[in-house]
Amino acid sequence: MTSKARTASFSRKTKETDIKIDINLDGTGISDIQTGIGFFDHMLDAFSRHSGYNLTVKAIGDLHVDGHHLVEDAGIVLGKVMAEALGDKRGIARFGEARIPMDDSLAEVALDIGGRGFLVFKADFFAPTVGDYSTQMTKHFFESFAMSSGINLNMKAEGDNDHHKIEALFKAFAYAMKRATVIESDSIKSTKGVL
């Protein structure tokens, strides 16, 4: 079994955002999240706690416009830092799935850390925002993450309350990632020999 530290740090600065993310895949779920968007902070904290990853996110963006650029770029940076922390992906389980209920809502996530980023997303939201967070950015965040990390994500949620649906999606994502990144062996789970 590998004992290499699975940690990484990645920064990205544009005219619209300045984002730095640190991750430790073998942490204890400790987080320090500062994006300026309260509900988004709550979702990233839930992701950290339920995945067991230590996560630090420092994000500044053009929130005077709206949260679009910041949430999108956070997805890109989280994907990049995840790919870096996973390295050659030797020994990981590769596949993960989770079903998480939250009151009226149920979210399901299945994923493959196979090197090919793709998103299938099936969830409808009734309100344009939850707090200061745009509900339509949920799909966009996960799409940005999937493409920049090379992870295939299949996600769906149903229910009546948008807060519950989005939170259940982030928690299901956390548990699916936790299961997919657990070290099971010294081999790479691919007939190609590379992920």
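Counting of residues starts from 1 at the beginning of each chain's written sequence and follows it residue by residue. Local features in this predicted model are restricted to residues whose pLDDT is 70 or higher, and side-chain atom pairs enter the listing and the counts only when it is 80 or higher, whereas totals over whole chains, interfaces and linings include all residues. Remark: hydrogens and water are excluded; side-chain values derive from all non-hydrogen atoms of the structure.

By the naming in an unreviewed UniProt entry, the protein chain is Imidazoleglycerol-phosphate dehydratase, taken from Methanolapillus africanus. UniProt lists a comment for the protein chain under the heading Pathway (unreviewed entry), and it reads "Amino-acid biosynthesis; L-histidine biosynthesis; L-histidine from 5-phospho-alpha-D-ribose 1-diphosphate: step 6/9." UniProt positions are given in the numbering used here, feature names are shortened, and annotations may be inferred rather than shown by experiment. The protein chain has a UniProt comment under Sequence similarities (unreviewed entry) that states "Belongs to the imidazoleglycerol-phosphate dehydratase family."

## Considering the overall build of the protein chain
Within the protein chain, the regular secondary structure consists of four helices and 10 strands. Secondary structure of the protein chain in N-to-C order comes out as β-β-β-α-β-α-β-β-β-β-β-α-β-α. Against the globule reference of 16 Å for 195 residues, the protein chain gives a C-alpha radius of gyration of 16 Å, in line with a compact fold. Seen along its three principal axes, the alpha-carbon backbone of the protein chain occupies a region of about 45 × 35 × 30 Å. For every residue, the accessible area (1.4 Å probe, protein chains only) is compared with the maximum for its type, and the residue is labelled buried under 20%, exposed over 50%, or partly exposed between those bounds. The burial tally for the protein chain puts 51% of its 195 residues in the buried class. We call two residues in contact when some of their heavy atoms are within 4.5 Å. Residue pairs at least 24 apart in sequence account for 76% of intrachain contacts in the protein chain once pairs closer than 6 positions are excluded. Here, Shrake-Rupley sampling with a 1.4 Å probe gives the accessible areas, and only protein chains in the shown set may cover a residue. About 9,100 Å² of surface is accessible on the protein chain, with carbon and sulfur atoms providing 50% of the total. When charges are tallied, Lys and Arg are placed among the positive residues and Asp and Glu among the negative ones, while His and the ends of the chain are skipped. Taken as the charge centre is NZ of Lys, CZ of Arg, CG of Asp or CD of Glu, depending on the residue. Of note, the protein chain has its 23 positive side-chain charges centred 8 Å away from the centre of its 27 negative side-chain charges. Labels follow the DSSP assignment, with helices taken as runs of H or I lasting at least four residues and strands as runs of E lasting at least two, numbered in each case from the N terminus. For a compact globule the rule gives 2.2 Å times the number of residues to the power 0.38, and the radius of gyration it is set against comes from C-alpha atoms.

## Things to note about the packing of aromatic side chains
Any Phe, Tyr or Trp ring, taking Trp's six-membered ring, that has another such ring centre within 6.5 Å forms a pair; planes under 30 degrees apart are called stacked, those over 60 apart edge-to-face, and the others tilted. Evaluated as defined, the whole model comprises 10 aromatic pairs. Taking the centre distance of 6.1 Å and the plane angle of 15 degrees together, the rings of Phe40 and Tyr133 count as stacked. Of the two residues, Phe40 is situated in helix α1 (residues 38–51) and Tyr133 in strand β9 (residues 133–134); the sequence distance between them amounts to 93 residues. Here Tyr133 falls in the buried class, since its relative accessible area comes to 1%. Ring centres of Phe142 and Phe173 lie 5.0 Å apart, and the angle between their planes is 75 degrees; this geometry places the pair in the edge-to-face category.

## What about the sheet that holds strand β4 (residues 54–61)?
Should DSSP find at least two bridges between two strands, the strands are regarded as paired. Here four strands make up an open sheet; going across it, the order is β1-β2-β4-β3 and the pairing mixed. Across the chains shown, the open sheet's two edge strands, defined by having one partner strand only, are β1 (7–13) and β3 (31–34). Shown here is a sheet whose adjacent strand axes are inclined to one another by a mean of 5 degrees, direction ignored. Note: β1 against strand β2 (residues 17–24), seven bridges, orientation antiparallel. In the sheet register, Thr7 faces β2, and the bridge partner there is Asn24. Inter-axis angles, ranging from 0 to 180 degrees, are taken between N-to-C directions of lines fitted to C-alpha atoms, where helices are fitted over the stretch in contact.

## What to know about the sheet that holds strand β7 (residues 118–122)
An order of β5-β6-β10-β7 is seen for the four strands of this open sheet, with the pairing classed as mixed. Sheet topology places β5 (95–102) and β7 at the edges, where each strand pairs with a single neighbour. Geometrically, the sheet is characterised by an average inter-axis angle of 5 degrees between neighbouring strands, direction not taken into account. Where β7 lies against strand β10 (residues 152–158), five bridges are found, and the strand directions are parallel. Considered in β10, the bridge of Phe121 is made with Met155. In the packing of helix α3 (residues 137–149) onto the sheet, the strands contacted are β7 and β10, and the crossing angle to β7 comes to about 160 degrees. This element, helix α4 (residues 162–180), spans β5, β6 (105–112), β7 and β10 of the sheet and lies at about 150 degrees to β5.

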